[in-house]
Amino acid sequence: MASNLTRRHILGLGALSTAAALGFTRIGAASAAAAEPAAVPYAPAVVVGSGYGSAVAALRLGQAGVRTVVLEMGRLWDTPGPDGKVFPSTSAPDHRSMWFRTRTEAPLAQFLWLDVVNRDINPYPGVLDRVNHGAMSVYVGRGVGGGSLVNGGMAPTPRRSYFTEVFPGVDAGEMYGTYYPRARAMLGVNDIDPAWFESTEWYRFARISRKHAHNTGLKTVFVPNVYDFGHMKREAAGTAPRSALAGEVIYGNNHGKRSLDKTYLAAAVGTGNVTIETMQRVVGVRPDPAGGYVLTVRTSDVTGKVTQVRELGCRQLFLGAGSLGTTEILLRARETGALPALSEQVGRGWGPNGNVMTARANHLWDTVGARQATMPALGIDDWDNAANPVFAEIAPLPMGLEHWISMYLAITRNRERGYFTYDAATDSARLNWRREQNTPAVDAAKNLFDRINRRNFTIYRYDLFGGNRAFADDFTYHPLGGCVLGDATDTYGRVKGYQGLYVVDGSLVPGSLGVNPFVTITALAERNMERVLADPR
Ligand code: FAE
């Protein structure tokens, strides 16, 4: 990564802290050029959200000399709390862990059926949110960097044949030749040293799962990551502060992780053209009769109190609020009549990337180790299985004790799709997803892990997910779709029916990718931004 972290990034990082520390920055007189409308504060380009799609948009706009404001509803995570750390660990969650909750809602709710995982906390704009939509809950990151703050950093590229199936209208040659490599380089994707992987106690859990997969005749692959594996090695050696080796992941990593605030966003701010404003939630968008758009933006404080509602004008609007956020903004605009020409496809084509979590109980001699790195490094790749394609990441369960559990996040090929409807009473988008729609995903995962269990004489764990279930199919880490490329937008994310309005995030992906999604979201945003800057429409 050092080669990608240029002086400009570092300058940007400083600027990032300063700009966002100011919280709300007025874009007023200083920025209003003569040709710009005077009635409301104005920026030539506004980017909503600061996850992967937004970060690419902000950087490429900034480099093109376009003055850009990024509006993020969460906070900037750069200030240590009383414990001297920016983020809490998974074993000691506090108010920083979750977005305005009185109790944490970790994906793994129990251990030995006991409610020992979650904790009571004070409401605060914490870094992880679980948005509950009945039969499906969606985990998302909140703050400057979006999902990059809380995710497991796994950075695989989907196999080309499946990418082509998912995106028939996208030139795969360009993606695999230009945009994927560009995204990987900018994100700081790196590989684990195989020799270290084989020898370290921190990945014993993965080696045990690999042994059982190989016994079953299954293939495993190393999965690249944006966590700096060099740093991790130094953590193990005791020469660097611990993060992945200290149980940190879903509530943020204090070290080692190349989250977007350290890569794309730092570089964006470093262009001198990009400002990031935190605790700013975009709730409305309408066309400006003079051209462009007017946004309604709510500013909140850390208690959640709305301290200001304001309007902000822009010529170009880039929506990167994630699958849930972007879809909600557009659906609300269509259904309230603010943007009536939006396609009927807005709100459609949503899927959880076939996510299913499961766990197996190992024999007493197959210890997984009390010490486990939080960053997954290995996956079981059975995607070529025509009847039941599954890519299963071998997930850690770092509880600080030997528990003999092998855990997995299976990505399956579930063709079921959900859709969003606008609920006027709550002024929000509601996801329509029935529990049965996950049956194909559970069946595929069960098919794979039944084979592994049979061959290794092992069984499932039923004590971890609540309701004596072996498969957790009621939440996803990978919300995808809602404003699908080529349906709600053209083939470059330009929203149908409106000029100067773009979608840049995971809502473009039609519900499934076959692997963890952020590298693809980033690469697609790189491709689309290149075109949009050349041909804005
Ligand atoms: P995203 O990163 O979600 O960013 C959207 C941003 O917009 C957020 O910062 C929001 O706070 C903000 N926002 C939303 N609404 C508004 C609004 N109205 N106004 C202003 N701001 C708003 O979007 N993916 C992988 O590839 N590998 C992994 O290992 C992996 N692990 C994961 C683990 C966890 C626990 C979670 C939650 C996700 C994981 N993911 C992983 C998924 C990945 O983080 C996700 O696909 C991307 O973050 C989605 O990127 P977007 O740009 O779509």
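Residues numbered from 1 in each chain as written. Predicted model: local features only at pLDDT ≥ 70, side-chain atom pairs only at ≥ 80, totals over all residues. Heavy atoms only, no water.

## Here's the deal with helix H11 (residues 518-534)
Under the convention used in this document: In DSSP terms, a helix is any run of H or I states spanning at least four residues, a strand is any run of E spanning at least two, and both are numbered starting from the N terminus. The span you would expect from a helix comes to 1.5 Å times its residue count less one. Categorising residues by exposure relies on relative accessible area from a 1.4 Å probe, with only protein chains included: less than 20% of the type maximum marks a residue as buried, more than 50% marks it as exposed, and the intermediate range marks it as partly exposed.
Spanning 17 residues, H11 covers 24 Å between terminal C-alpha atoms, matching the ideal 24 Å at 1.5 Å per step. Buried residues dominate H11, accounting for 13 of its 17 residues.

## Comments concerning a nonpolar patch on the surface
Note the cut-off: Here the term patch refers to residues with relative accessible area over 30% and no salt bridge, with like charges joined within 9 Å and nonpolar side chains (Val, Leu, Ile, Met, Phe, Trp, Tyr) within 5 Å. With residues, only the protein chains shown are counted as cover, and all accessible areas are computed by Shrake-Rupley using a 1.4 Å probe. Salt bridges, as used here, are contacts in which a Lys or Arg side-chain nitrogen is within 4 Å of a carboxyl oxygen on Asp or Glu.
On the surface, Leu112, Trp113, Leu114, Val116 and Tyr462 cluster together into a nonpolar patch covering about 510 Å² of accessible area. Note that valine 116 resides in the loop between strand E2 (68-71) and strand E3 (128-133).

## Here we look at the site of the ligand
The line we're drawing: A cutoff of 4 Å decides nearness: a residue is near a molecule or strand if any of its heavy atoms lies inside that distance of it. For the purposes of these results, a polar contact is taken to be a pair of N or O atoms within 3.5 Å, where, inside protein, one atom must be able to donate a hydrogen and its partner to accept one; residues adjacent in sequence count only when each atom of the pair is a side-chain atom. All amino acids are sorted into three groups, where Ala, Val, Leu, Ile, Met, Phe, Trp, Tyr, Cys and Pro are nonpolar, Asp, Glu, Lys and Arg are charged, and the leftover types, Gly among them, are polar.
Lining the immediate environment of the ligand, one finds 37 residues, of which Glu72, Gly147, Met154, Gly506 and Phe518 sit closest. The contact in question runs from an oxygen atom of the ligand to an N or O atom on the backbone of glycine 147, over 2.9 Å. Note that an oxygen atom of the ligand is positioned 2.7 Å from one of the backbone N or O atoms of phenylalanine 518. Contact with the protein chains removes 95% of the 1000 Å² of surface that the ligand exposes when unbound. Every element with two or more residues in the shell around the ligand is listed here: helix H2 (52-63), strand E4 (136-141), strand E7 (280-287), helix H9 (322-335) and H11. Partitioning the shell around the ligand into residue classes produces 15 nonpolar, 18 polar and four charged.

## Focus: the packing of H2 against H11
Quick reminder of the rule: Inter-axis angles, ranging from 0 to 180 degrees, are taken between N-to-C directions of lines fitted to C-alpha atoms, where helices are fitted over the stretch in contact. Note on convention: the crossing is left-handed when the near helix lies turned anticlockwise from the far helix by less than a right angle, right-handed when the turn is clockwise. Only heavy atoms matter for contacts: two residues are in contact if any of them lie within 4.5 Å across the pair.
Packing of H2 against H11 leaves a shortest axis separation of 8 Å and a crossing angle of 35 degrees. Both H2 and H11 take part in a crossing whose hand is right-handed. Contacts between H2 and H11 involve Tyr52, Gly53, Val56, Ala57, Arg60 and Leu61 from the former and Phe518, Ile521, Thr522, Ala525, Glu526, Met529 and Leu533 from the latter. Residue composition of the contact of H2 with H11, by class: nine nonpolar, two polar and two charged.

## Comments concerning the confidence of the model for the chain
Applicable threshold: The pLDDT value tells you how sure the predictor is about a given residue, anywhere from 0 up to 100.
Model confidence for the chain is summarised by a mean pLDDT of 93, while 93% of its residues fall at 70 or above. Every residue in residues 1-11 scores below 50 in pLDDT, and together they form 16 contacts with partners more than four places removed in sequence or on other chains.

## A look at the pairing of strand E15 (residues 419-423)
Where we set the bar: For two strands to count as paired, DSSP must find a minimum of two bridges between them.
Two strands pair when backbone bridges link them, and E15 and strand E16 (residues 428-432) are joined in this way by five bridges, in the antiparallel orientation. Bridge assignment links aspartate 423 to a residue of E16, and that residue is serine 428. Here E15 folds back onto E16, and the loop between the two strands holds four residues, one of which, aspartate 427, carries a positive phi near 55 degrees.

## Digging into the side chain of arginine 207
Note the threshold: By the counting scheme adopted, Arg and Lys are positive, Glu and Asp are negative, and His together with the chain ends is not counted.
Turning to its location among the elements, arginine 207 is positioned in helix H6 (residues 204-215). Glutamate 198 is the oppositely charged side chain nearest to the buried, salt-bridge-free arginine 207, at an N-O distance of 4.8 Å. Looking at arginine 207, its side chain comes within polar contact range of the main-chain oxygen of phenylalanine 197, at 2.7 Å. Each residue touching arginine 207, except ones within four places of it in the same chain, is listed here: Phe197, Glu198, Ser199 and Thr200.

## Some points on the nonpolar core
As a rule of thumb, soluble globular proteins bury nonpolar side chains together. Selection rule: We define a nonpolar core as any set of buried Ala, Val, Leu, Ile, Met, Phe, Trp, Tyr and Cys residues linked to one another through side-chain atoms lying within 4.5 Å.
Core analysis: the largest hydrophobic core is formed by 94 residues, its most contacted members being Val46, Leu317, Phe318 and Leu330. In contact with leucine 317, other than residues within four places in its own chain, are Val46, Val48, Val285, Tyr293, Leu295, Gly500, Leu501 and Tyr502. Listed in part, the 65 residues of the second largest apolar core include Phe87, Val150, Ile380 and Ala472.

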